[in-house]
Each structure stands twice: as C-alpha cells, then as structure tokens.
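Structural overview
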Amino acid sequence: MGLHNFHIAGEKYLRAVTEGAGCLPLVLPSFSDPEILAACVRNLDGLLFTGSPSNIEPHHYSRLPSATPEDHDAKRDAFALPLIRLALEANIPLLAICRGFQEMNVALGGSLHQQLHQTGRFIEHRENKQSDVNIQYGLSHSVAIEPGGILEQACGSEVREVNSVHAQGIDRLGKHLRVEARAPDGLIEAISVDSEGFALGVQWHPEWKVTNNPFYSAIFKLFGDACWHRISMRERDYEQTEKMA
Ligand SMILES: N[C@@H](CCC(=O)NCCCC(=O)O)C(=O)O
C-alpha cells in the first residue's frame, strides 16, 4: 500500500474471534524466522489462518507455471505453511479459512486446482466482484457434511448453505486430512486433521456476520472452546509447577 508494506488482517476476522470464539485476537506479522515461528507456538493458544485475495505459489505443491503470478504473497506462504505444521505438532487449536484452508492442505502435502472455473468440472465458486459485498458474501451453494467429523458432531450430518469467494480449491488431499464437507459438484469444502486436537479448515467464510448465522457461530464456538481448553490446561500446568517450586 503506497510506499510501504503492511501486514494486515480484516476486521471481520478479528470480530469473529472476539464475538464468535470469545477470545482475544492478536495479528501476527508474516515473519518466517524460525525463532518467531517457535515463539508463536510457545505462546499462543489458538491460530486462525484468514482468507486473502492472494494465492499460494504453486511450487509449494509441485505445480508450475503459476496461473496467477501477479497474485502471490511469498512472505505469507513462508510464514503460514511452516507455522501450520508446527501448530499441528504442538496440538494448538487451528481454524483455517479460505486461503488458510488451502494452506492447511498444501502444508500437509496436498495440491490445489489453480483455476476451478477452467477445469469444466465445478460450479462457479467465485463471487461476482461487481455486486454489493453482502451479495458477494451471501449464501451461494450448499455443502453436505460428511459423517464422523468435527462438523457432524457439532452440527449434525445435514446440508448447509455457505458463501463462496474463491477461484482455487483442493485437488489432491494432504496427508492425515479427513474430508468434513463437500459442495454439490464434489469439491472438498471442509477438512480436519485426523488427530486428537482441534484443526478445522473451511473453504467458505464463517467469519462473515458470524453472529447472524447459527452454523457459522457454531464453527467459531468450537474453535473458541478448543482455545479455552488449552488455556485451562496451561494454567493447570503452571499452578502445578509453582506448587512444586
Ligand atoms: N485466493 C484464493 C483464496 C480466496 C480467499 O481467501 N478469499 C478471501 C478474500 C478476502 C477475504 O474475504 O478475506 C482463491 O481465490 O481461491
């Protein structure tokens, strides 16, 4: 922006963390130095990976050339991909939205379709950029929730309506990932990591007017509960260490 670089997060994500998850959001810079990544994992009780107009550079999933070379954000790739892997190793609750969802898949060895609309296999998943923002982020298509996952436990194995604001999407699913929901065209719309911890990714935008949509609220509530559980475990460990000292 202008003469300077900015590391920014949309207000809708910050509000969803406070109002939907009941947690305090801190915006992290995309600095990928190993000691900064380690400090994030040591000190934070949950990580939200937001959406972004930028696309992951496709060399991260062994695809070249890039279909959108003007839309990359190499600093974010260098920060988010290793941080997701470290967060999963440390069992930090993780919610990944849109670009974040795609990062979660790529971080675990998956690949993406660079332009869904050019494959001829999918419905339109892009927003109409000419329309009002409420229409762009309004409900756009259904997702069928798969049995046995986090979403089914919280919301039942139902069909839900979601918004859709993306041109890329999952092609090959990454390792240790479970499909949580699919669009009517078969596109994977939600994933979770097959582990004890809470790690959920959604291709849609539950942060959008989170408190007006019970399904979106349920997703942020699950994330918030997982973060608060981690906080209480850390406090318990701290008290025990203090007693022993
Ligand atoms: N660029 C990717 C990811 C799309 C995405 O995250 N959109 C969100 C836009 C801004 C926002 O609402 O935060 C793709 O096109 O698939």
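One structure accompanies this document, and this report is about it.

Reading guide: rules and limits
Residues numbered from 1 in each chain as written. Predicted model: local features only at pLDDT ≥ 70, side-chain atom pairs only at ≥ 80, totals over all residues. Heavy atoms only, no water. Phe/Tyr/Trp six-rings, centres within 6.5 Å; stacked < 30°, edge-to-face > 60°. Helix = DSSP H or I, 4+ residues; strand = E, 2+ residues; numbered from the N terminus. Buried < 20%, exposed > 50% of the residue type's maximum accessible area, 1.4 Å probe, protein only. Salt bridge = Lys/Arg side-chain N within 4 Å of Asp/Glu carboxyl O. Patch = residues over 30% accessible without salt bridge, like charges linked within 9 Å, V, L, I, M, F, W, Y side chains within 5 Å. Areas by Shrake-Rupley, 256 points an atom, 1.4 Å probe, with all protein chains shown as cover. Axes fitted to C-alpha atoms, helices over the stretch in contact; angles between N-to-C directions. Parallel < 35°, antiparallel > 145°, perpendicular 65-115°, else oblique. Left-handed = near helix turned anticlockwise from the far one by under 90°. Contact = heavy atoms within 4.5 Å. Nonpolar A, V, L, I, M, F, W, Y, C, P; charged D, E, K, R; others polar. Pairing = 2+ DSSP bridges. Near = heavy atom within 4 Å. Polar contact = N/O pair within 3.5 Å; in protein donor to acceptor, adjacent residues only side chain to side chain.

**A short note on the packing of aromatic side chains**
Here the structure, examined in full by the defined rule, presents four aromatic pairs. Where Phe198 meets Phe223, the ring centres are 6.3 Å apart and the plane angle is 35°; that geometry is what we call tilted. Highlighted residues: Phe198 in the loop between strand S8 (188-193) and strand S9 (199-202) and Phe223 in helix H7 (residues 214-244), separated in sequence by 25 residues. On the basis of relative accessibility, which here comes to 13%, the residue Phe198 falls in the buried class. Look at Phe223 and you get buried, because its relative accessible area is 3%. For the ring pair Phe215 and Tyr216, a centre distance of 6.5 Å and an interplane angle of 45° mean the geometry is tilted. Take Phe215 and Tyr216: they sit in the same class, and that class is buried. One aromatic cluster in this structure is built from Trp204, Phe215 and Tyr216.

**Structural notes on the pattern of salt bridges**
Summed over all chains, the structure comprises 16 salt bridges. One salt bridge in this structure joins Glu124 and Arg126, with 2.8 Å as the shortest N-O distance. Overall, Arg126 belongs to the partly exposed group, its relative accessible area being 37%. The closest approach of N and O atoms between Glu158 and Arg160, which form a salt bridge, is 3.5 Å. Three or more residues are tied together by salt bridges with common partners; here these are Arg76, Asp77, Arg99 and Glu103.

**Examining a nonpolar patch on the surface**
A grouping of Met1, Phe6 and Ile8 is seen on the molecular surface, where their side chains present a nonpolar patch of about 390 Å² in accessible area. Take Phe6: it is sitting in the segment before helix H1 (11-20). Take Phe6: its relative accessible area is 53%, and that puts it in the exposed class.

**Points about the packing of helix H2 (residues 34-43) against helix H3 (residues 74-89)**
Where H2 contacts H3, the two axes come as close as 10 Å, and the packing angle between them is 40°. By the angle class used here, H2 and H3 are oblique. Regarding H2 and H3, the two cross each other, and that crossing is right-handed. Contacts between H2 and H3 pair Leu37, Cys40 and Val41 from the former with Phe79, Pro82, Leu83, Leu86 and Ala87 from the latter. When the residues that make up the contact of H2 with H3 are grouped by side-chain class, the tally is eight nonpolar, no polar and no charged.

**Quick look at the sheet that holds S8**
Reading across the sheet, the seven strands line up as S1-S2-S9-S8-S7-S4-S5 and stay open at both edges, with mixed pairing between neighbours. Each end of this open sheet is capped by a strand with a single partner; those strands are strand S1 (47-49) and strand S5 (159-162). Across the sheet, the mean angle separating the axes of adjacent strands is 25° when strand polarity is ignored. Where strand S4 (residues 141-145) and S5 come together, four bridges link them in antiparallel fashion. Looking across to S5, one finds that Ser142 is bridged to Glu161. Relative to the sheet, H3 contacts S1, strand S2 (94-97), S8 and S9, its axis offset from that of S1 by approximately 140°.

**Considering the site of the ligand**
Near the ligand, the surroundings consist of 16 residues, among which Lys12, Tyr13, Asn55, Tyr137 and Gln168 are the closest. Here a nitrogen atom of the ligand sits 2.6 Å away from a polar atom, N or O, in the side chain of Asn55. Note that an oxygen atom of the ligand is positioned 2.5 Å from one of the side-chain N or O atoms of Tyr137. When the free accessible area of the ligand is taken as 430 Å², the share hidden by the protein chains comes to 88%. At the level of elements, H1 and helix H4 (99-107) are the ones that each hand at least two residues to the shell around the ligand. Here the shell around the ligand is built from residues that sort into six nonpolar, eight polar and two charged.

**Overview of H4**
Across the nine residues that make up H4, a large majority, nine, are buried. Of the positions making up H4, those classed as buried are Arg99, Gly100, Phe101, Gln102, Glu103, Met104, Asn105, Val106 and Ala107.

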